[in-house]
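# Secondary and tertiary structure notes
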Amino acid sequence: MLCLGDLTRVDLEPLGRVRVPKLGVHGNHDDGGEFTGLGIESVHLRRVEVAGLTFGGFSGSHEYGRGAGGDGITWSQTEASRRLRRFGHVDVMLAHSPPLGINDDADDPAHVGLAGLSEYVEREHPAMLLHGHTYPPLPVERFGRTQVRHVRGHRFVALPAPAR
């Protein structure tokens, strides 16, 4: 199970009973404690191998102003880029926000994607990137060689096959 943030503790509690690997990133409305005691492992700026695939992640969104719903995990574009600059290759990247220019909304400061994620995908070419946070009317499902999957609420996704 993969969690992409902005899910309440009440939303996540049923996952505590499920005995499968659970990985996640936090959203901009999260306080960082939502996964505690539920067996959900944060992959923010970490690499974790499960069933032959390497997963990694980046929590939060673009910093768009305090008091405007951005009181949780947020980053300036510069800081997000700096933190992702040396992050190594993963097969599946979990991100709360989309990459800048992909499934984001340039006219809505709260839903601008992260330049650092765009740079990461262009550099590392993960097989898949999953993200939430935005509300694209017609989601983009490919960014170069990377499959992109927008997830709102929940979604079943076929993960890429492990590299041989």
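Bear in mind that the values here come from a model prediction, so they are computed numbers and not experimental data.

## Some thoughts on the pairing of strand 11 (residues 146-150)
Within strand 11, four of the five residues are buried, which leaves the element mostly enclosed by the surrounding structure. Note that strand 9 (residues 128-131) and strand 11 share four bridges and pair parallel. Bridging across to strand 11, His131 finds its partner in His150. Counted between consecutive antiparallel strands, the loop separating strand 10 (residues 142-143) from strand 11 contains two residues, among which Gly144 sits at a positive phi close to 65°.

## Observations concerning the environment of Gly32
Within the secondary structure, Gly32 is located in the loop between strand 2 (23-24) and strand 3 (41-42). Residues Gly32 and Ile73 lie 41 residues apart in sequence; the distance between their C-alpha atoms is 8.0 Å.

## What to know about the sheet that holds strand 11
With respect to topology, six strands assemble into an open sheet ordered 4-5-8-9-11-10, the strand pairing being mixed. The open sheet is flanked by strand 4 (47-50) and strand 10, the only strands paired with a single partner. Direction of pairing for strand 8 (residues 92-95) relative to strand 9: parallel, over a ladder of four bridges. Bridged to Val92 within strand 9 is Met128.

## Regarding the pattern of salt bridges
Enumeration over the complete set of coordinates arrives at seven salt bridges. Measuring nitrogen to oxygen at the nearest pair gives 2.9 Å for the salt bridge that ties Arg46 to Glu41. A relative accessible area of 36% places Arg46 in the partly exposed class. The partly exposed category is assigned to Glu41, whose relative accessible area is 33%. Between Glu79 and Arg83 there is a salt bridge; the shortest N-O distance is 2.7 Å. Taken together, the residues Glu79 and Arg83, both in helix 2 (residues 77-84) and four residues apart, mark about one turn of the helix. Using a relative accessible area of 22% as the deciding quantity, one classes Glu79 as partly exposed. For Arg83, a relative accessible area of 35% gives the class partly exposed. A network of salt bridges, in which partner residues are shared, links Glu79, Arg82 and Arg83.

## Digging into the packing of aromatic side chains
This model, assessed by the stated rule, comprises two aromatic pairs. Aromatic side chains Phe58 and Trp75 sit 5.3 Å apart centroid to centroid with 40° between the ring planes, which places their arrangement in the tilted category. Remark: Trp75 occurs in strand 7 (residues 74-75) and Phe58 occurs in strand 5 (residues 53-58); sequence separation between them is 17 residues. Residue Phe58 is classed as buried on the basis of its relative accessible area of 1%.

## A look at helix 2
Among the residues of helix 2, those classed as buried are Ala80, Ser81 and Leu84. Angularly, the buried residues of helix 2 cover 100° about the axis, an arc narrow enough to put them on a single face. Where helix 2 is buried, its residues meet strand 5, strand 7, strand 8 and helix 3 (115-124).

## Some words on the environment of Glu49
As for its placement among the helices and strands, Glu49 is situated in strand 4. Its relative accessible area of 61% is what places Glu49 among the exposed residues. Taking the C-alpha atoms as reference points, Glu49 and Arg83, separated by 34 residues in sequence, lie 21 Å from one another.

Cut-offs applied
- Residues numbered from 1 in each chain as written.
- Predicted model: local features only at pLDDT ≥ 70, side-chain atom pairs only at ≥ 80, totals over all residues.
- Heavy atoms only, no water.
- Buried < 20%, exposed > 50% of the residue type's maximum accessible area, 1.4 Å probe, protein only.
- Helix = DSSP H or I, 4+ residues; strand = E, 2+ residues; numbered from the N terminus.
- Pairing = 2+ DSSP bridges.
- Salt bridge = Lys/Arg side-chain N within 4 Å of Asp/Glu carboxyl O.
- Phe/Tyr/Trp six-rings, centres within 6.5 Å; stacked < 30°, edge-to-face > 60°.
- Arc of directions from axis to C-beta.
- Contact = heavy atoms within 4.5 Å.

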